[in-house]
Amino acid sequence: MADRTAAPAIAVEPGRPALLNTPAFGTLTEACAWLAAVKPMLRAGLDEHGALFLRGLPVCTAQDFAAVRDTLVDTRAAYKEKATPRSGFGDDVFSSTDLPAAHRIHMHNENSYTLTFPGTLIFGCLTAPAEGGATPVADVRKVLARLPGDLVARFRTTGWCLTRNFGDHLSLDWRTSFSAKTRQDVERYCAENLIAYEWHDEDRLRTTQVRSAIVRHPRTGAEVWFNHVAFWSEWSLDPDIREVLIDESGPGGLPFNTSIGDGTPLTEEEIALINAAYDAEIVRESWQAGDVMIVDNVLAAHGRDPFHGERRIVVAMGDPVALADCAPTITASGRAAAVPTS
């Protein structure tokens, strides 16, 4: 039986996430017992590195992965205000994101636009792709430090603004995103979560919410860049796709767009600076079947590389955190933000 008392040896190499080769286990039960025993040491590793890549666990199925998840997190976290398609494997285990293999997913912190978000993400590899498909991570303490001071100051003062347009063919519809059956369900959720909304017809909805772009980790106090500012900016879109979307829906009708919290548009150059800061801090590890990666969702952003071949990466979320507990630089006023004009 593997030694359950030994401190895990975490290897850190340039360009790669902190990696822990686990002992060899005969059963999943034995592996979970070891994970439970070293959980405080894993937590300390997350505090230092933001993400930990575990290699050697006997994780073969979504059920195996769920057992590991339940060992590592105390409370499951819900996926709110859904934005991308996912497949469900049962027991709160989902595919990472069901977007085309050729599509790069930019760096982001999960659910940064909600008032409560997962504190811990766990990714697991059931089938490794033949080529590419890594889940890159970036320490957002370091990303914040790389950003120009004047740009950070603007976000610190006003936060960031997310505008979404819901429709049947441009993005997820509002019923799916809000897990709602009626317009009244959506309106109730928006009122409770400080989201402004406008109905354009029976089924088209536009929402706007202002959130803090910079927060502090609720336990360590570290200040971090925590948002989807670049992820959902029009300037992060492929230029051809952006042109088609604007031709079809107009500048104010994009499925997603972001701005400074006071509504000031962001320039292409500013978004390029933010994406460059992420890119400079990215570390990645090629997936192997059975790999598990734990991510502190406040300390590290994540994304996805394009890939070839079958890829089955599952994800689960836990340890929910309230934005109010993260010392946001702008605080909820008790009113939803005003919807900016197109």
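What you see as residue numbers is a count from 1 along each chain, following the sequence as written. Given that the model is predicted, a residue must reach a pLDDT of at least 70 before its local features are reported, and side-chain atom pairs must reach 80 or more before they are shown or counted; all residues, however, enter totals for whole chains, interfaces and linings. Water and hydrogen atoms play no part in the side-chain values, which are based on all heavy atoms of the structure.

> Just give me the short version of the overall build of the chain, but keep the residues and values in it.
Helix and strand labels come from DSSP, where a helix needs a run of H or I of at least four residues and a strand needs a run of E of at least two; each type is numbered from the N terminus. When helices and strands are tallied, the chain shows eight helices and 20 strands. Our radius of gyration is a C-alpha quantity, and the globule rule it is checked against amounts to 2.2 Å times the number of residues to the power 0.38. A compact globule built from 342 residues would reach a C-alpha radius of gyration of about 20 Å, and the chain, at 20 Å, matches this within 12%. Overall, the C-alpha framework of the chain stretches about 65 × 40 × 40 Å when taken along its three principal axes. Type-normalised accessible area, obtained with a 1.4 Å probe on protein chains alone, sets the label of each residue: buried when under 20%, exposed when over 50%, and partly exposed for intermediate values. Taken over 342 residues, the chain has a buried fraction of 52%. In the chain, the share of contacts with a sequence separation of at least 24, taken over all contacts with a separation of at least 6, comes to 81%. By definition in these notes, contact holds between two residues if any of their heavy atoms fall within 4.5 Å.

> Got a sec to walk through the nonpolar core? Specific residues and values, please.
Among buried residues, those of type Ala, Val, Leu, Ile, Met, Phe, Trp, Tyr and Cys that are joined through side-chain atoms within 4.5 Å constitute a nonpolar core. Within the largest apolar cluster, 56 residues are counted, with the highest numbers of intra-cluster contacts made by Phe123, Phe155, Trp225, Val229, Ile274, Tyr278 and Val295. Excluding anything up to four places from it in sequence, Ile274 contacts Leu147, Leu151, Phe155, Trp225, Val229 and Ala230.

> Account for the sheet that holds strand S2 (residues 18–21), naming residues and giving values.
Any two strands with at least two DSSP-identified bridges between them are counted as paired. Strand order across the open sheet formed by eight strands is S1-S2-S3-S17-S7-S20-S5-S4, with mixed pairing between neighbours. The sheet is open, and its two edges are formed by strand S1 (10–11) and strand S4 (88–90), each paired on a single side. Bridge count for S4 against strand S5 (residues 93–95) is two bridges, and the pairing is antiparallel. Across the sheet, residue Gly90 finds its bridge partner in S5, namely Val93. With axes taken as lines fitted to C-alpha atoms, and helix axes fitted only over the stretch in contact, angles between N-to-C directions fall between 0 and 180 degrees. The strands touched by helix H1 (residues 28–49) are S1, S2, strand S3 (51–55), strand S7 (116–127) and strand S17 (292–296); relative to S3, the strand with the most contacts, the crossing angle is about 140°. Sitting on the sheet, helix H2 (residues 62–72) touches S4, S5, S7, S17 and strand S20 (312–322), and the angle it makes with S7 is about 145°.

> So, the packing of H1 against H2: which residues are in play, and what are the values?
It is the contact of H1 with H2, at a shortest axis distance of 9 Å, that shows an interaxial angle of 30°. Judged on the interaxial angle alone, H2 and H1 are roughly parallel. The handedness of the crossing between H1 and H2 is right-handed. Across the interface between the two elements, Leu28, Cys32, Leu35, Ala36, Lys39 and Leu42 of H1 pack against Asp64, Ala67, Val68, Thr71 and Leu72 of H2. Should an angle fall under 35 degrees it is called roughly parallel, over 145 degrees roughly antiparallel, and 65 to 115 degrees roughly perpendicular, with every other angle called oblique. Handedness of a crossing follows from how the near helix is turned relative to the far one, being left-handed for an anticlockwise turn of less than a right angle and right-handed for a clockwise one.

> Break down the sheet that holds strand S16 (residues 282–283) for me, with residues and values.
Taken in spatial order, the four strands make up an open sheet running S6-S18-S9-S16, and their pairing is antiparallel. Looking at which strands have only one partner, the edges of the open sheet turn out to be strand S6 (105–108) and S16. Strand direction decides the pairing type here: strand S9 (residues 137–139) and S16, joined by two bridges, are antiparallel. Looking across to S16, one finds that Val137 is bridged to Val283.

> Tell me about the pattern of salt bridges, and please be specific about residues and values.
For side chains of opposite charge, pairing can occur when their charged atoms come near one another. Salt bridges are defined as contacts in which a side-chain nitrogen from Lys or Arg sits within 4 Å of a carboxyl oxygen from Asp or Glu. Using the criterion set out here, one finds 24 salt bridges in the structure. The partner of Asp91 in a salt bridge is Arg69, with the nearest N and O atoms 3.5 Å apart. Residue Asp91 is located in the loop between S4 and S5, and its partner Arg69 is located in helix H2; the two are separated by 22 residues in the primary sequence. With a closest N to O distance of 2.9 Å, Arg76 and Asp91 form a salt bridge. With Arg76 in the loop between H2 and S4 and Asp91 in the loop between S4 and S5, this residue pair connects regions lying 15 residues apart in the sequence.

Treat this as a map of the structure, not an account of what it does.
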